[in-house]
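# Results of the structural survey
Residue strings, one per chain:
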Amino acid sequence: MTKQGSPGGTNLDPWYDNYADRTAGLSASAVRALFAVASRPEVVSLAGGMPYVSALPDELVTGALERVMRDQGPVALQYGSGQGTPEVREHILEVMRTEGIRGSIDDVVVTTGSQQALDLVSKIFLNPGDVVLAEAPSYVGALGVFKSYQAQVRHVGMDAEGMIPELLLEAITALKAEGRRIKLLYLIPNFQNPAGVTLSWERRLRIIEIARAHGILIIEDNPYGLLYFDQPAPHAMRSVEEEGIVYLGSFSKTFAPGFRVGWALAPHGIKEKLVLANESAVLSPSTFSQSVITEYLNAADWKGQIDTFRVMYRERRDAMLEALDDFLPEMSWTVPNGGFFVWLTLPEHLDSQSMLPRAVKELVAYTPGTGFYADGNGRHNIRLSFCYPKPDFIREGVRRLSTVINAERALLDTFMQSTPAVMPLDRGVVNPPANIN
């Protein structure tokens, strides 16, 4: 059965004309099919940001599971509060104190991963046409959420110290001159996804000042903050500003993503609406997952386990940087002090998205930079993830990637027979000098 859809064609979905307008913002990644191929064991994937959960001792997880079922099974398997259990919220406060945050358990809302927290904040604030300010580049999952609520994303440039306050002020001034309404400023200040950079303390304070002056709510998304390598990141922005920031956190990177436990710390009025939105969406976050997290944090040396993750991820970061130095010395890249990602900048005439099928054919996968922009930029950038493959696989993956990049450069140079055509620069893209590493 076919049904008339958009002008100029037909659509096989009989419900096509019945969908809400906002579903136009729900789009699949153009590279999803390639990633299915990239999941084959012979392919070195530098694409996904999956934490290496195999580093968790089995007895820590199985012990927590067994104790929950033995001691509180009927409660853990039951419905719970839309705000989350008091016990896990107490532990969340303990985790946030390591980054300078003080708060009340009454202002913490437990969510199904911090991704759901981001969705709930967007749901209660964004109307079609509202503007969200975000770093350039920014987290692909956040861009998808904002698009699904029909908001417009305006990117603000970054450098090695994070978002540039002067460019933020320029963007706000320009948008207000256009009569646009700015609702949110979305930031990943620590070891940013995808660029790996960290927002400096001075800029944190200046950005808070700018947002406060213009009545813009800051969303501080901090999944990687505890996973530093050489030195801790600056304290959270929420540590110095309570009313103007919603802080998002997660146990996905520091424990395990499969439990899907995240949270939002919000000003009281916003918290009340988040709880109502949470109840409308899922009735309550998983009581079972919260119980296991609580038991793990009660019984395990969770700070010691995070130290173990830090050592492991630093070794993998170092393996990636060394491989980039050896195999792609003419390129430039960021040098993260934590987290999962390196942001690689290609020569401007290369297109990371069109190059991906050839990379997969060479048994290496990466994430093209275009996925991290709402405006089509990022074609000469690549996000490389070092969190999941072991160091020797990382090195082999970068070697394979260098083969693809160098072959592409040679091919284009041969056919162009002149100075390569230069694509427009991505405004504000993180482009460090070639030999900063």
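Preceding this paragraph is the structure being described.
So, a few notes on the structure that sits alongside this text. (Residues numbered from 1 in each chain as written. Predicted model: local features only at pLDDT ≥ 70, side-chain atom pairs only at ≥ 80, totals over all residues. Heavy atoms only, no water.)

### Concerning the overall build of the protein
The helix and strand inventory of the protein stands at 12 helices and 16 strands. Considering the protein as a whole, with its 437 residues, one finds that 52% of them fall into the buried category. The contacts of the protein with a sequence gap of at least 6 include a subset with a gap of at least 24, amounting to 77%. Taken as a whole, the protein presents about 19200 Å² of accessible surface, with 53% of it coming from carbon and sulfur. (Helix = DSSP H or I, 4+ residues; strand = E, 2+ residues; numbered from the N terminus. Buried < 20%, exposed > 50% of the residue type's maximum accessible area, 1.4 Å probe, protein only. Contact = heavy atoms within 4.5 Å. Areas by Shrake-Rupley, 256 points an atom, 1.4 Å probe, with all protein chains shown as cover.)

### Quick notes on the pattern of salt bridges
For the coordinates displayed, the defined rule picks out 20 salt bridges. In this structure, Glu178 engages Arg180 in a salt bridge whose closest nitrogen and oxygen atoms are separated by 4.0 Å. By relative accessible area, Glu178 is classed as partly exposed at 46%. Arg180 sits in the partly exposed class, given a relative accessible area of 27%. Across the pair Arg314 and Asp230 runs a salt bridge whose closest N-O atoms are separated by 2.8 Å. One end of the pair, Arg314, is in helix H10 (residues 302-327); the other, Asp230, is in the loop between strand E9 (217-221) and strand E10 (245-250), with 84 residues separating them in the sequence. If you follow the salt bridges from partner to partner, you end up with Asp230, Arg314, Arg317 and Asp318 in one network. (Salt bridge = Lys/Arg side-chain N within 4 Å of Asp/Glu carboxyl O.)

### As for the packing of helix H6 (residues 165-177) against helix H7 (residues 201-213)
The packing of two helices is summarised by the inter-axis angle and the distance between the axes. At a closest axis distance of 10 Å, the pairing of H6 and H7 adopts a crossing angle of 15°. Taken together, the axes of H6 and H7 lie roughly parallel to each other. For the element pair H6 and H7, the recorded crossing hand is right-handed. Counting all contacts with H6, which are made through Pro165, Leu168, Leu169 and Ile172, the residues of H7 involved are Arg203, Arg206, Ile207 and Ile210. (Axes fitted to C-alpha atoms, helices over the stretch in contact; angles between N-to-C directions. Parallel < 35°, antiparallel > 145°, perpendicular 65-115°, else oblique. Left-handed = near helix turned anticlockwise from the far one by under 90°.)

### Quick look at the nonpolar core
Of all hydrophobic cores here, the largest spans 71 residues; its most connected members are Phe251 and Leu344. Here the element with the most residues in this core is H10; it accounts for 10 residues. Filtering out sequence-adjacent residues up to four positions away, Leu344 remains in contact with Leu324, Leu328, Met331, Ser332, Trp333, His380, Asn381, Ile382, Leu384, Leu401 and Ile405. Formed by 28 residues, the second largest nonpolar core is a distinct cluster that contains Val109, Val132, Val145 and Tyr186. (Core = buried A, V, L, I, M, F, W, Y, C linked by side-chain atoms within 4.5 Å.)

### A few points about the environment of Leu350
By the element assignment, Leu350 lies in the loop between strand E13 (341-345) and helix H11 (352-361). Classification of Leu350 by relative accessible area gives buried; the value is 0%.

### With respect to the sheet that holds strand E7 (residues 162-163)
Here eight strands make up an open sheet; going across it, the order is E4-E11-E10-E9-E8-E5-E6-E7 and the pairing mixed. Edge positions in the sheet fall to strand E4 (108-111) and E7, since each of these pairs with one other strand and no more. Where helix H4 (residues 113-125) meets the sheet, its contacts fall on E4, strand E8 (182-187), E9, E10 and strand E11 (262-265), and the angle it forms with E10 comes to roughly 155°. (Pairing = 2+ DSSP bridges.)

### What about the side chain of Gln192?
Checked against the element boundaries, Gln192 lands in the loop between E8 and H7. A relative accessible area of 0% places Gln192 in the buried class. Polar side-chain contacts of Gln192 include one of 3.1 Å to the side chain of Glu135. (Polar contact = N/O pair within 3.5 Å; in protein donor to acceptor, adjacent residues only side chain to side chain.)

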